[in-house]
Amino acid sequence: MSEPLAIDVSGMTKRFGNRTVVDSIDLQVRTGEIFGFLGPNGSGKTTFIRMLCGLLRADGGSGTCLGFDVIGESEQIKRNVGYMTQRFSFYEDLSIRENLDFVARIYGILNRKAAVDASLEKLGLASRGRQLAGQLSGGWKQRLALAACLIHQPRLLLLDEPTAGVDPKARRDFWEQIHELASEGLTVLITTHYMDEAERCHRLGYLAYGQLLAYGTVSEVIRTVGLTTWTVKGPRLAELAGRLRKEPAVAHVAAFGEALHVSGTDAAALEKALSAHRTEAYVWSQVETSLEDVFIHLMGEARDNFS
Amino acid sequence: MGHSTSFSWQRFVALVVKEFTQMQRDRLTFAMMVGIPLMQLMLFGFAINSDPKHLPTAVLLADQGPQARSLVQAIRNSGYYDIVGTVTTQFEADALLDRGEVQFVIHIPADFSRRLWRGEKASVLVEADATDPGATGSAVSTLRALASSALSHDARGPLGGLITPPPRLDLLVHARYNPEAITQFNIVPGLMGVVLTMTMVMITSLAITRERERGTMENLLSMPVRPLEVMTGKIIPYILVGFIQVSLILIASHVIFHVPMAGSLALLYVVTSLFIATNLAVGITFSTVAQNQLQAVQMSFFFFLPSLLLSGFMFPFRGMPVWAQAIGEVFPLTHFLRAVRGIMLKGNGIGVVAGHLWPVAGFMVVVLLIGIKRYRQTLD
Ligand SMILES: Nc1ncnc2c1ncn2[C@@H]1O[C@H](COP(=O)(O)OP(=O)(O)OP(=O)(O)O)[C@@H](O)[C@H]1O
Ligand SMILES: [Mg+2]
């Protein structure tokens, strides 16, 4: 692992027709890092990943992936990348073992049988190797896909929503495995819609409408957005939320269980605005802004900017 | 766009193994690929083998002599011809044939009996509606035997055992509408080409389209595989299926229909493998163009129908207008039919057959080039 940056691209752009789906993204991911990619549906996460591994031709941009040119050397990139697609894309009419065996053959793995056996063992599917992949449940398909992506020992993993529809226990196992792999030097770029998963990443990027709006560690992202957040508990929160949304200083109001989170970018103005609503029935307290507050805020802002 | 454009044997094997396994899983398709040739052979074979009788016939009788009358009687008695009427002019005869009301018009000229009496050569003209040559063939062939036996018997009668030379009869058959009458031996070899064109093009046109529709293409493209590896990997298993089809047809046509095999079986298989590969290349190329499986099937039919119609299988090639012949010359099926009929029926060797192979090979190369060019290495 000589190069410090596994991914180092700038100006990556993709247009479908006259719609710019990925708009001039600069991104650096360090070797051995777990980089989380977040953003609302249709924000261009999948498209960006596809450009990285040469599945889509970029309309603009340059840079390197694992030291290879992202535009001209996709062949070498493909050899060293494990890409797990958002939609299960192994062969449902092949068995679990046959799928793994196919991938192992394609990459020319020496000692193929041993590699496939080890992979099945690790998956916990050793006894079910002959089952057709199409008969697996959604969560198990995800696990099979991950195992298949790892069989050729890639240096970079591109995981597109790998835990969608996976149960909590399996998700935790999955993240443990990811951290273990990262500590061995594997770089991981992962997209997710789960906040708890985002918090497990070393660094994050937040994408909306094809633009990278925030970028850094969890605390860096929270700090750059600069939100102040209050919670409030009490009766008829929905009505209160309606009233609060009318305040210009309130950037967004979101319900979290029994409480509302009220955030704003200007701390003083927010406090002043809230004072009007501080009646006896309600318990107010200032809290640390969470990642979720930040993302809800970013999503609202992006909508204002683009629609 | 990579620099390592070399074909990898190991990746090719990976794809072939995968395709074989998938084919083996898809029992229904496999059963159809084996079933279709047998079914077609039986259907066509049945139609060929049938020996139609009681075919509507008109007689243009210009002679009222005894020989003429006994010939007509013999024709009627044979069972092959139902004499539905007599006509007096060529115009009436043509009209009946045109409308398809009769299959045959038998002309017996005015001097028929007189010529036979004199020991001269007499002639009978049979006009046959040969649009469906299978229907007319055996009726016409019985007529000759029929006529001579009826007339020798007649000749002997009045002269009481006097030995006269057998009557000299000229039987002219005028096959209308379809001058190059296709015989049963002609159809069975042709059927091989038709079945191969239909199944091979269709099945492979679905190959890449299916990967795209199921989403597996994204995965395949994210791996370091080359277009040629994917295409040839998909072609190989179906070449085997093609051989199974051809062998089934050959065995059945030999055992059931006694179609001769005048030439070399090995040569036939060589020609067939080229033809199979060509059709598979067409199918693969279609599947790189088609957006979904329905389009792929439609494109296959778009290729299959003109192949079938213009190759000389359905209509005699030389009977087609020049422009249709020109189009027909392009299709591999046209040349394959000539080659197969040449080998099986005429015993043609490699020297003659090679002339039919070049156009097929050329077609394949062009189609493969288009396919490789069209094969998208990206999802764009
Ligand atoms: N092949 C394509 N042709 C046209 N538009 C496309 C194509 N692929 C994606 N898009 C559009 O590009 C935009 C970004 O899509 P993309 O799949 O990258 O989003 P995403 O961030 O992965 O969303 P999600 O979270 O739902 O997976 C969407 O609006 C989508 O409609
Ligand atoms: Mg996506």
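Model, not experiment: these values are computed from the prediction.

Novice: Whenever I open this one, the site of ligand 1 confuses me. Can you help?
Specialist: All names here are of chain A. With respect to spatial proximity, 14 residues lie near ligand 1, and among them R19, G42, K45, T46 and T47 are the closest. In this structure, an oxygen atom belonging to ligand 1 sits 3.2 Å away from a main-chain N or O atom of S43. Contacts to ligand 1 include H193, whose side-chain N or O atom sits 3.1 Å from an oxygen atom. Protein coverage of the free-state accessible area of ligand 1, which is 640 Å², stands at 68%. When residues of the shell around ligand 1 are traced back to their parent elements, those giving at least two are β2 (19-30) and α1 (45-52). The element best represented in the shell around ligand 1 is α1, accounting for three residues. Of the residues that constitute the shell around ligand 1, the class distribution is three nonpolar, eight polar and three charged.

Novice: Teacher, can you tell me more about helix α6 (residues 168-183) of chain A here?
Specialist: Along an α-helix, residues three or four apart share an orientation, since each turn contains 3.6 residues. Residue and element names in this part refer to chain A. Between its first and last C-alpha, α6 extends 23 Å over 16 residues, near the 22 Å set by a 1.5 Å rise per residue. Taken as a whole, α6 has its buried residues at A170, R171, F174, W175, I178, L181 and A182. Considered in projection along α6, the buried side chains sweep an arc of 135° and stay on one side of the axis. Looking at α6, the residues exposed on the side facing more than 90 degrees away from the buried face are K169 and S183. Where the residues of α6 are buried, they touch β3 (34-38), α5 (138-150), β7 (156-160), β8 (187-191) and α7 (195-199). Capping the start of α6 is the job of one residue whose side-chain oxygen sits 3.2 Å from the backbone nitrogen of K169: D167. In the segment just after α6, G185 is the residue with positive phi, at about 110°.

Novice: Mind showing me how you'd approach empty space enclosed by the protein here?
Specialist: Empty space among the atoms becomes apparent when a probe as large as a water molecule is rolled across them. The final tally for this structure, using the stated rule, is one cavity of 30 Å³ or more. In this structure, the largest cavity occupies an estimated 70 Å³ of space. Every residue along the wall of the largest cavity is listed here: V81, G82, Y83, F90, V103, Y107, A148, C149 and H152 of chain A together with N219, S222 and M223 of chain B. Contributing elements (two or more residues each) for the lining of the largest cavity: β6 (81-84) and α5 of chain A together with α8 (216-222) of chain B. Split by residue class, the lining of the largest cavity holds eight nonpolar, four polar and no charged.

Conventions adopted
Residues numbered from 1 in each chain as written. Chains lettered and ligands numbered in written order. Predicted model: local features only at pLDDT ≥ 70, side-chain atom pairs only at ≥ 80, totals over all residues. Heavy atoms only, no water. Near = heavy atom within 4 Å. Polar contact = N/O pair within 3.5 Å; in protein donor to acceptor, adjacent residues only side chain to side chain. Areas by Shrake-Rupley, 256 points an atom, 1.4 Å probe, with all protein chains shown as cover. Helix = DSSP H or I, 4+ residues; strand = E, 2+ residues; numbered from the N terminus. Nonpolar A, V, L, I, M, F, W, Y, C, P; charged D, E, K, R; others polar. Expected span 1.5 Å × (residues − 1). Buried < 20%, exposed > 50% of the residue type's maximum accessible area, 1.4 Å probe, protein only. Arc of directions from axis to C-beta. Contact = heavy atoms within 4.5 Å. 1 Å grid on protein atoms, 1.4 Å probe; cavity = no way out; pocket = protein on both sides within 12 Å on 5 of 7 lines; lining within 4 Å. Points joined across faces, edges and corners; volume = space filled by probe spheres on them.

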